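Here's the letter readout for the chains.
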Amino acid sequence: MVMMDNQSSPRVAHPRGGRPEWNAPEGAHAPAPVVSVVTPTWNAAETIAETIASVAAQNWREFEMIVVDDGSTDATPMLLAQHARRHPWISWCIQANAGPSAARNLAIAMARGEFIAFLDADDVWAPNKLSLQVAAFERNPGAAFVYTDQRDFWPDHERRVTLFQQKQPARGNILRALFERGNFILTSTAMVRKSALQAMNGFDPGRRINEDVDLWFRMAERYEFDYVPEVLVRRRMLPNSLMHSNTINVWRSDLELIDRWVQRRPDLFPPDSPWVHYRRALTWSRLANQHLHRRAFAESRHAFLQAMRHGRFDPRTLARGLAACAPLAADLYWATKTACTRMLRGEGGALAQRV
């Protein structure tokens, strides 16, 4: 809720309970737009301006933006108030902290568009993102979900390969592809028919990790997907993001997702099939490596044994498994890896000087 002090700078009133109050500009009473952009925020003061600017730059103009702040403790609400005064297509509110699933679900409930385009508060869109996705829906009216390629970036550089270069995307019925290849849909690339989201009851509010992948799986069981093979989203890599600061729980959530879908759809995912063993082995090995780097040797050994039980015996897994059995072996492994990395960087620098 936004209050004005003598018509000057906005003062933000946080909700004290009950349903959040919406800051809805006059534009919210105009005819319904085609696309509703849905953005959850939480302590996003450093990134939200660039994210909103990428929405403002869209060459498809039939949109609204709905932002739900999930109880930020920084200047995010003040910034949202300022941007909403500048852009009449922004509506926003503050809710008590309940996680990104609850924030997105609240925004979806308030959305007036036929399509919902998700955008996280630290990601950035290309100017033609919405127009190309709307065109994809027009070409394929049977699709309920259209996504795009994306590239990760840091303050001083960006990743050389895109998501689609790492994981092949899929069209149509993609449930098995999602299971076999792992998730290849970044939330900020997704545009979904609102009717389909409502039929699936949106995001699971009880999930704060992998809530997007859970929804993709549920939707893929019922609806057709399509994609635009262009990089239309840049994902900002932040060290304090939930995905990167809680990787152990991410891999545990992946294991739970595998178990749930093997049990739910044994016709598609037989428990003893090679791809089910492969997915479990890969996820267990990733979990084991995270435990190893945190020097949780007992947990790492257990996870490596599970990975090997499902058939993962590559040299790297075996070396890390050996390191998990003895702290001295782990120290030797890390020292050798660091030395090799430095040597390769040095050789690269020397080669560049010679050239």
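From a predicted model like this one, the values you see are computed outputs, not experimental measurements.

The rules behind each value
- Residues numbered from 1 in each chain as written.
- Predicted model: local features only at pLDDT ≥ 70, side-chain atom pairs only at ≥ 80, totals over all residues.
- Heavy atoms only, no water.
- Helix = DSSP H or I, 4+ residues; strand = E, 2+ residues; numbered from the N terminus.
- Buried < 20%, exposed > 50% of the residue type's maximum accessible area, 1.4 Å probe, protein only.
- Contact = heavy atoms within 4.5 Å.
- Areas by Shrake-Rupley, 256 points an atom, 1.4 Å probe, with all protein chains shown as cover.
- Pairing = 2+ DSSP bridges.
- Axes fitted to C-alpha atoms, helices over the stretch in contact; angles between N-to-C directions.
- pLDDT = per-residue confidence, 0-100.
- Salt bridge = Lys/Arg side-chain N within 4 Å of Asp/Glu carboxyl O.
- Parallel < 35°, antiparallel > 145°, perpendicular 65-115°, else oblique.
- Left-handed = near helix turned anticlockwise from the far one by under 90°.
- Nonpolar A, V, L, I, M, F, W, Y, C, P; charged D, E, K, R; others polar.
- Arc of directions from axis to C-beta.

Novice: Tell me about the overall build of the chain, and please be specific about residues and values.
Specialist: Across its full length, the chain holds 14 helices and ten strands. By residue count, 51% of the 355 residues in the chain fall in the buried class. For the chain, long-range pairs separated by at least 24 residues make up 76% of all intrachain contacts whose partners lie at least 6 apart in sequence. For the chain, the exposed area adds up to about 17,500 Å²; of that, 54% sits on carbon and sulfur atoms.

Novice: Describe the sheet that holds strand S9 (residues 191-193), listing the residues and the values that go with them.
Specialist: The strand order across the open sheet formed by eight strands is S5-S4-S3-S6-S9-S8-S10-S7, and the pairing between neighbours is mixed. Two strands lie at the open edges of the sheet, namely strand S5 (90-94) and strand S7 (124-125), each paired on one side alone. Bridging between strand S4 (residues 63-69) and S5 involves five bridges; their strand directions are parallel. Paired with Val 67 across the two strands is Trp 92, which belongs to S5. Helix-sheet contacts for helix H3 (residues 100-110) involve strand S3 (35-41), S4, S5 and strand S6 (115-118), and the interaxial angle to S3 is about 150°. Relative to the sheet, helix H8 (residues 211-220) contacts strand S8 (143-153), S9 and strand S10 (224-236), its axis offset from that of S10 by approximately 165°.

Novice: With reference to specific residues and values, describe the environment of Phe 184.
Specialist: Along the chain, Phe 184 falls in the loop between helix H6 (175-181) and S9. According to the relative accessible area criterion, Phe 184 is buried, its value standing at 0%. Leave out the neighbours within four places in its chain, and Phe 184 touches Tyr 147, Leu 163, Phe 164, Lys 167, Gln 168, Pro 169, Ala 170, Ile 174, Ala 177 and Leu 178.

Novice: Hey, could you go over the confidence of the model for the chain for me, with residue numbers and the actual values?
Specialist: In this model, the chain carries an average pLDDT of 89, and 89% of its residues clear a pLDDT of 70 or more. Counted against residues more than four places away or in other chains, residues 1-13, with its pLDDT under 50, gives 28 contacts.

Novice: Lay out the pattern of salt bridges in plain terms, naming residues and giving numbers.
Specialist: All chains considered together, the criterion is met by 22 salt bridges. A salt bridge links Arg 234 to Glu 158; the nearest nitrogen and oxygen atoms lie 3.8 Å apart. Taken together, the residues Arg 234 in strand S10 and Glu 158 in the loop between S8 and helix H5 (163-166) connect sequence positions 76 residues apart. Accessibility expressed as a relative area gives 31% for Arg 234, which makes it partly exposed. Judged by relative accessible area, which is 40%, Glu 158 ranks as partly exposed. One salt-bridge network, held together by shared partners, links Asp 204, Arg 207, Asp 214, Arg 218, Glu 256 and Arg 260.

Novice: Give me the packing of helix H11 (residues 274-293) against helix H12 (residues 297-309): which residues, what numbers.
Specialist: The geometry of H11 relative to H12 is characterised by a closest axis approach of 8 Å and an angle of 165° between their N-to-C directions. One element, H11, and the other, H12, form an angle in the roughly antiparallel class. The chirality of how H11 crosses H12 is left-handed. In this structure, H11 contributes Ala 281, Trp 284, Ser 285, Leu 287, Ala 288, Asn 289, His 291 and Leu 292 to the contact, and H12 contributes Phe 297, Glu 299, Ser 300, His 302, Ala 303, Phe 304, Gln 306 and Ala 307. Class assignment of the residues belonging to the contact of H11 with H12 gives a composition of nine nonpolar, six polar and one charged.

Novice: Would you mind going over the packing of H8 against helix H10 (residues 247-264) in detail, with residue names and values included?
Specialist: When two helices pack together, you describe them by how their axes are tilted relative to each other and by the distance separating the axes. It is the contact of H8 with H10, at a shortest axis distance of 11 Å, that shows an interaxial angle of 15°. Judged by the inter-axis angle, H8 sits roughly parallel to H10. As for how H8 packs across H10, the hand of that crossing is right-handed. Seen from H8, the contacting residues are Val 213, Asp 214, Phe 217 and Arg 218; seen from H10, they are Leu 257, Arg 260 and Trp 261. Of the residues in the contact of H8 with H10, the class split is four nonpolar, no polar and three charged.

Novice: Run through unusual backbone geometry, naming residues and quoting values.
Specialist: At Asn 43, a residue that is not glycine, the phi angle is positive and equals roughly 50°. For Asn 201, which is not a glycine, the phi torsion comes out positive at approximately 60°. By secondary structure assignment, the location of Asn 201 is in the loop between helix H7 (194-199) and H8. For Asn 201, a relative accessible area of 64% puts it in the exposed group.

Novice: Now, about helix H1 (residues 48-56): what can you tell me, with residues and values included?
Specialist: Of the positions making up H1, those classed as buried are Ile 48, Thr 51, Ile 52, Ser 54 and Val 55. One face of H1 carries all of its buried residues, which in axial projection span an arc of 155°.

Novice: Run through the pairing of S10, naming residues and quoting values.
Specialist: In this sheet, S10 lies alongside S7 in antiparallel orientation, the contact comprising two bridges. Looking at S10, one finds that Val 124 is bridged to Arg 234.

Novice: Residue-level account of helix H13 (residues 315-325), with values.
Specialist: Those residues of H13 lying buried are Thr 317, Arg 320, Gly 321, Ala 323 and Ala 324. The buried residues of H13 occupy an angular sector of 160° when the element is viewed end-on, so they sit on one face. Turned more than 90 degrees away from the buried face of H13 sit Pro 315, Leu 322 and Cys 325, all of them exposed.

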